[in-house]
Amino acid sequence: MSSFTYTTPPPFKPFDLTLIQLGGVGSDKAANLQHARDMILKAAHKGGQDDSRPKIIVLPEIFNSPYGHAYFPIYAETIGYIADKPYDTNNSPSDSVRMLSSVAKEIGTWIVGGSIAERGDDGKIYNTCELVAMHRKVHLFDIDIPGKMTFKESETLTGGSSIAFFDTEFARIGLGICYDVRFPEVAMINARKGCHVLIYPAAFNLTTGPLHWKLLQQARAVDNQVFFSMCSPARDTTASYHAWGHSMVVDPLGTVLAEAEHEESILHVYINPKVFDDARAGIPVTTQRRFDVYLDVSKKTS
Ligand SMILES: NC(=O)CC(=O)C(=O)O
């Protein structure tokens with residue numbers, strides 16, 4: 001038997017979650033980072049409920065470069081994170097991490113730094129969400145829908161092998177990246193570990209976006225009774241990969257609280273823990289699981 005124990009999550013308090021559906025990403029990485037920084041500052045000063053500051057700002061998947069095999073090896077950065085070791089984001093070798101770290105301090109806000117191509121200590125390239133916690137995309141986007149969408153991330157990227165969450169003063173936040181949403185175990189593991197909100201930087205496309213973008217977020221929100229959110233890049237029809245956009249936040253009952261269109265935009269969403277508590281009290285599936293019949297997937301990971 002596993003000796004796994006869950007740590008106690010922080011109390012869930014109301015907060016403002018902000019998604020930046022970032023546009024204008026081109027080949028100049030320094031310009032991309034400057035634009036992301038400007039948008040973070042804009043988002044921080046616009047305010048959410050009662051004109052308060054956002055508590056968490058989220059960027060999209062691969063926010064510092066175009067999305068595609070031609071770009072991952074060229075734009076990949078070493079982050080300098082080693083599991084279970086203190087992580088000095090100020091002195092990270094990564095330009096993207098240093099930018100995110102300095103702007104987070106400047107505005108006093110948590111940032112889920114979308115994802116970037118990361119060159120690991122092993123020389124492999126990962127699709128990594130970083131700042132206080134680091135999540136390497138576990139499930140690589142390898143699909144083939146003839147004539148519509150063929151992509152094989154595994155040509156240049158390696159899948160991660162752990163699932164991350166982090167604690168703030170107002171909630172426990174679980175991470176995943178894009179294609180990870182299609183694997184219910186990732187969300188379920190974090191939800192079973194006490195996450196209140198699951199955030200996935202993501203970049204669906206014009207084939208899979210209309211099919212599954214909303215459905216999958218509602219499914220993961222309802223089957224785990226958590227808030228669920230995916231943050232996409234804005235659509236750029238001159239790029240080789242056309243992102244779906246439609247960044248979204250769904251509540252634990254499956255209600256879409258906010259949805260962007262496909263152009264660059266900022267969404268401010270009030271996260272109300274009462275909806276979470278009421279959903280779990282009214283439909284108490286979180287206490288009705290039958291681990292005598294099937295396994296608790298959260299006990300399979302450290
Ligand atoms: N881009 C992805 O990782 C995933 C995606 O587009 C999909 O699952 O559809």
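Residues numbered from 1 in each chain as written. Predicted model: local features only at pLDDT ≥ 70, side-chain atom pairs only at ≥ 80, totals over all residues. Heavy atoms only, no water.

K.L.:
Before we move on, could you go through the overall build of the protein chain and cite the residues and values that matter?
P.N.:
The secondary structure content of the protein chain amounts to six helices and 15 strands. Projected onto the principal axes, the alpha-carbon positions of the protein chain cover approximately 50 × 45 × 45 Å. Residue burial in the protein chain is summarised as follows: out of 302 residues, 51% are buried. For the protein chain, the share of sequence-separated contacts (at least 6 apart) that also reach a separation of at least 24 residues comes to 69%. As displayed, the protein chain offers around 13,200 Å² of accessible surface, 54% of which is attributable to carbon and sulfur atoms. Of note, the protein chain has its 29 positive side-chain charges centred 5 Å away from the centre of its 34 negative side-chain charges. (Helix = DSSP H or I, 4+ residues; strand = E, 2+ residues; numbered from the N terminus. Buried < 20%, exposed > 50% of the residue type's maximum accessible area, 1.4 Å probe, protein only. Contact = heavy atoms within 4.5 Å. Areas by Shrake-Rupley, 256 points an atom, 1.4 Å probe, with all protein chains shown as cover. Lys, Arg positive; Asp, Glu negative; His and termini not counted. Charge placed at Lys NZ, Arg CZ, Asp CG, Glu CD.)

K.L.:
Describe the layout of surface pockets, naming the residues involved and giving the relevant values.
P.N.:
Estimated volume of the second largest pocket: approximately 280 Å³. When grouped by side-chain class, the residues that make up the lining of the second largest pocket number 14 nonpolar, six polar and three charged. (1 Å grid on protein atoms, 1.4 Å probe; cavity = no way out; pocket = protein on both sides within 12 Å on 5 of 7 lines; lining within 4 Å. Points joined across faces, edges and corners; volume = space filled by probe spheres on them. Nonpolar A, V, L, I, M, F, W, Y, C, P; charged D, E, K, R; others polar.)

K.L.:
Explain the side chain of Thr-18 to me, and be specific about the residues and the numbers.
P.N.:
Note on placement: Thr-18 falls in strand β1 (residues 15-21). Relative accessible area serves as the criterion here: at 0%, Thr-18 is assigned to the buried category. Of note is the side chain of Thr-18, whose polar atom sits 2.8 Å from the side chain of His-268. The contact partners of Thr-18, leaving out residues within four places of it in the chain, are Ala-43, Pro-54, Ile-56, Ile-57, Val-58, Ile-266, Leu-267 and His-268. (Polar contact = N/O pair within 3.5 Å; in protein donor to acceptor, adjacent residues only side chain to side chain.)

K.L.:
Could you give an account of the site of the ligand, with specific residues and numbers?
P.N.:
In the vicinity of the ligand, the contacting residues are Tyr-67, Lys-137, Phe-141, Cys-178, Tyr-179, Arg-182, Ala-203, Phe-204, Asn-205, Thr-208 and Tyr-241. Take Lys-137: an N or O atom from its side chain is 2.7 Å from an oxygen atom of the ligand. The backbone of Tyr-179 places a nitrogen or oxygen atom 3.4 Å from an oxygen atom of the ligand. Protein chains bury 100% of the 270 Å² of accessible surface belonging to the ligand in isolation. Of the residues that constitute the shell around the ligand, the class distribution is seven nonpolar, two polar and two charged. (Near = heavy atom within 4 Å.)

K.L.:
Go over helix α5 (residues 208-224), please, and point to the residues and values.
P.N.:
Spanning 17 residues, α5 covers 23 Å between terminal C-alpha atoms, matching the ideal 24 Å at 1.5 Å per step. Buried residues of α5: Thr-208, Gly-209, Trp-213, Leu-216, Gln-217, Arg-220, Ala-221 and Asn-224, and no others. In this fold, the buried residues of α5 make contact with β7 (142-145), α4 (184-192), β12 (227-231), β13 (248-250) and α6 (273-282). A positive backbone phi angle near 50° is found at Gln-225, which sits one or two residues after α5. (Expected span 1.5 Å × (residues − 1).)

K.L.:
Can you tell me about the sheet that holds strand β5 (residues 125-129), naming the residues and giving the values?
P.N.:
Strand order in this open sheet of three strands is β4-β5-β6, and the pairing throughout is antiparallel. If you trace the sheet from one side to the other, it starts and ends with β4 (116-119) and β6 (135-136), each paired once. Two elements, β4 and β5, share four bridges in a ladder whose sense is antiparallel. Directly across from Ala-117, in β5, lies its bridge partner Asn-127. (Pairing = 2+ DSSP bridges.)

K.L.:
Residue-level account of the pairing of β12, with values.
P.N.:
Among the five residues of β12, five are classified as buried, and the element is accordingly described as predominantly covered. Direction of pairing for strand β11 (residues 197-201) relative to β12: parallel, over a ladder of five bridges. Paired with Tyr-200 across the strands is Met-230, a residue of β12. As a crossover connection, the stretch from β11 through α5 into β12 is right-handed. With three bridges connecting them, β12 and β13 associate as antiparallel partners. Of the residues in β13, the one forming a bridge with Met-230 is Met-248. (Right-handed = clockwise from strand over helix to strand, strands pointing away.)

K.L.:
How would you summarise the nonpolar core if you had to cite specific residues and measurements?
P.N.:
If you look at the biggest cluster of nonpolar residues, it comprises 46 residues, and the most contacted ones within it are Phe-15, Leu-17, Ile-56 and Ile-271. Ile-40, Leu-41, Val-97 and Ala-104 belong to the second-largest nonpolar core, a separate cluster that totals 23 residues. (Core = buried A, V, L, I, M, F, W, Y, C linked by side-chain atoms within 4.5 Å.)

K.L.:
So what's going on with the environment of Ile-145? Which residues, and what values?
P.N.:
On the secondary structure map, Ile-145 appears in strand β7. Taking the C-alpha atoms as reference points, Ile-145 and Glu-185, separated by 40 residues in sequence, lie 24 Å from one another. With sequence-adjacent residues up to four places away left out, Ile-145 is seen in contact with Thr-150, Thr-207 and Thr-208.

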